[in-house]
Amino acid sequence: MTDRRGTLWAAILGSGIVFLDSSVLTVALPRIARDLPAHVVGILEGESYVYNGYLLGESAFLILAGWLTDVHGRRRIFTLGLAAFGVSSLLSGVAPSLEWLIVLRLLQGISGALIVPGSLALVTASFSGEEQGRAFGVWSGASAGVAVLGPMLGGLLVDALSWRAVFLINVPLVLVALWLTRRYVGEGRAAAPSGSLDLPGTVLTALALAGLSVGAISGQQRGWSNPSAFVALSIGMVATALLPWWMLRTPDPLVPPALFRSRNFTVTNLSTLVIYAALAVTFYYLTLFLQGTLGYSAAAAGVATMPGVLLLALFSSRLGALSARYGARWLLTLGPILMAVGVLWLSRIPSTSPAWDLSAAAQTFTPPSGYVTSVLPGLLLFGLGATLMVAPLTATVMASVPVERAGVASAVNTAISDVGPQLAVAVLFVAMTQNFYGALARDAPGLDVASAAVRKEVAPLNVPGPGVAEEVRLTAREASTGAFRLAMVVAAFLLLAGAVINGAGLRLPSGAPVVRVASADPMWRRCRHVAPERRGEQRRGES
């Protein structure tokens, strides 16, 4: 194996581990919450923290990680990220409580932030010309495969072994990636890295996201009786207010404010915030609802959500050419509208929809009729809309800034696509929990829904504890269905807001650069590579 090929496979394996951990977690969450003891957090609260902790660590440190990669060396930071990810995965796999897993997921997110910029930088530095295009094609194809197959493989691991296998499987993969890196990857860094480390900006970003998310979720879980929730919210709001002030005054800000002088860059990042918030809300709460309320097995939930992602992975980059033919603005408007229609279809799933126990032992490989009529159409519409939207959105972001700022623009847009899900999941936790326990109090009047003991046994979108009466179980199923419906309606509203933002805000003049999207960008915007290409420009080697 040549050094360049070894470098490519090290980059693919490293980033693939990060993508895999993102895509398989949601199918494991219900089993994690059921098996791990929780001493401080509630069930849905803990699931939200486990999900958000990873995004928090990654989004807060992603831009900083790109700077570290340029300054301190691609191989060094990539190796550090791999080692840290392996250790945090091992510890997550043996976590003794839900609280410990939350902390370890935060460390996993930070480690992942160190890996992804390095993987792209390694490929960029090792290949050039047509070979670079082919290398990114292989890298993107592997990322798309992980996004499509990850939930199904994760579900099989959870059902056949344990949810702990979802984390422990990372360890041997990390060891192989470390060996490839040591054996084939050469060191490299930016020729003249500019700027300095914006540690205050990084800290303010982390405090803003963590304070707002944790404060909202913790306060609602405890009926706003614990002052710690208000302390967390106050910290988040103060950090949020200080962040733009700091960015405007520091000489080397984490996010350069000058980028937002571009109207299209500002508009596409605003639509990214709401659209990717809706995307995360849809798949996060749909997976919990299928397992915790309807009784799908983990493998069935993984397979059930594949159709939409499959459309995105197979056709997103191929449909990127439509942006040049019909204009990105119209695709960026139509795509979210179709996604919203799909989400509204999912909101119609009835509480009586039958379970799907996909397993060899049960011999239930064929989905139930309820899936075909209530779930599949919505996912196909959602996937079609996302397929139309993703490539033009990426292309518009990258075409809206000068080429020399493309790296930081991509990092900013990726970080924003992680911020939206965190805030949306936190806000929806408040609304859904209020809706769930309000319905439970109305339909089961003898139940003290404010009791901590009741909330521990009966949580939204989760299977009630073993000691819960059958009448309460049926009531909780109906209440969870109502809470899920609320989440889908909010997600549809966010998607329609994204369509309005794109349709009214974008200004794309004729003759604007065409941006070739080489990545399928399946759900997770981290697996993306774009290259500018002018209309009418002759390709190298053509006469």
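Shown above is the structure to which this text applies.
Counting restarts for each chain, with residues numbered from 1 along the sequence as it is written. In keeping with the predicted nature of the model, local features appear solely for residues at pLDDT of at least 70, side-chain atom pairs appear and are counted solely at 80 or more, and the whole-chain, interface and lining totals rest on all residues. With hydrogens and water set aside, each side-chain value is computed from the structure's full complement of heavy atoms.

J.: Explanation requested: a nonpolar patch on the surface in the structure shown.
T.: Residues enter a patch when their relative accessible area is above 30% and they make no salt bridge; the linking distance is 9 Å between like charges and 5 Å between nonpolar side chains (Val, Leu, Ile, Met, Phe, Trp, Tyr). Per-residue and other accessible areas were derived by the Shrake-Rupley procedure at a 1.4 Å probe size, with only the shown protein chains allowed to occlude residues. Salt bridges are counted wherever a side-chain nitrogen of Lys or Arg sits within 4 Å of a carboxyl oxygen of Asp or Glu. Residues Val-87, Leu-90, Leu-91, Val-94 and Leu-168 make up a contiguous nonpolar surface patch of roughly 400 Å² in combined accessible area. Here a strand is any run of E in DSSP of at least two residues, a helix any run of H or I of at least four, and the numbering for each starts at the N terminus. If you tally residues by element for the nonpolar patch, the top one is helix H3 (residues 74-93), at three residues. Following the sequence through the fold, Leu-91 ends up in helix H3. Exposure is judged per residue with a 1.4 Å probe applied to protein chains only, and the accessible area is read against the type maximum: over 50% gives exposed, under 20% gives buried, and values in between give partly exposed. Take Leu-91: its relative accessible area is 40%, and that puts it in the partly exposed class.

J.: I'm lost on helix H9 (residues 227-249) in this one. Help?
T.: Residue pairs three or four apart in sequence face the same way in an α-helix, which turns once every 3.6 residues. One less than the residue count of a helix, multiplied by 1.5 Å, gives the span that helix is expected to have. Compared with the 33 Å implied by 1.5 Å per residue over 23 residues, the 33 Å span of H9 between its first and last C-alpha is a close match. The bend at a residue is defined as the angle formed between two axes, one fitted to the seven residues ending at that residue and one fitted to the seven starting there. The largest bend along H9 reaches roughly 25° and is located at Leu-243, with the proline Pro-244 sitting one to four residues downstream. Within H9, burial applies to Ala-229, Ala-232, Leu-233, Gly-236, Ala-239, Leu-243 and Met-247.

J.: Sorry if this is basic, but what is going on with the pattern of salt bridges here?
T.: It is possible for side chains of opposite charge to pair when their charged atoms get near one another. As enumerated under the stated definition, the model contains two salt bridges in all. The partner of Asp-159 in a salt bridge is Arg-31, and the shortest N-O contact between them spans 3.1 Å. Here the residue Asp-159 occupies a position in helix H5 (residues 129-160), and Arg-31 occupies one in helix H1 (residues 3-35), the gap between them amounting to 128 residues. Residue classification places Arg-31 among the partly exposed positions, given a relative accessible area of 22%. Between Arg-442 and Asp-443 there is a salt bridge, and its shortest N-O distance comes to 3.2 Å. Note on Asp-443: relative accessible area 38%, which makes it partly exposed.

J.: Can you walk me through the packing of helix H10 (residues 263-292) against helix H18 (residues 470-505) in this structure?
T.: When two helices pack together, you describe them by how their axes are tilted relative to each other and by the distance separating the axes. One can describe the packing of H10 onto H18 by two numbers: an axis separation of 9 Å at closest approach and a directional angle of 160°. Classified by the interaxial angle, the pair formed by H10 and H18 is roughly antiparallel. When you trace H10 past H18, the crossing you get is left-handed. Considered class by class, the residues forming the contact of H10 with H18 number 18 nonpolar, eight polar and one charged. Lines fitted to C-alpha atoms define the axes, with helix axes restricted to the stretch in contact, and inter-axis angles between N-to-C directions lie between 0 and 180 degrees. Should an angle fall under 35 degrees it is taken as roughly parallel, and over 145 as roughly antiparallel, whereas 65 to 115 is taken as roughly perpendicular and any remaining angle as oblique. Two helices crossing with the near one rotated counterclockwise from the far one by less than a right angle form a left-handed crossing, whereas a clockwise rotation gives a right-handed crossing. Gly is put with the polar residues, along with every residue not named as nonpolar or charged; the nonpolar set is Ala, Val, Leu, Ile, Met, Phe, Trp, Tyr, Cys and Pro, and the charged set is Asp, Glu, Lys and Arg.

J.: What's the story with unusual backbone geometry in this structure? I'm lost.
T.: One non-glycine residue, Leu-461, lies in the positive phi region at around 60°. With respect to the helices and strands, Leu-461 occurs in the loop between helix H17 (452-457) and H18.

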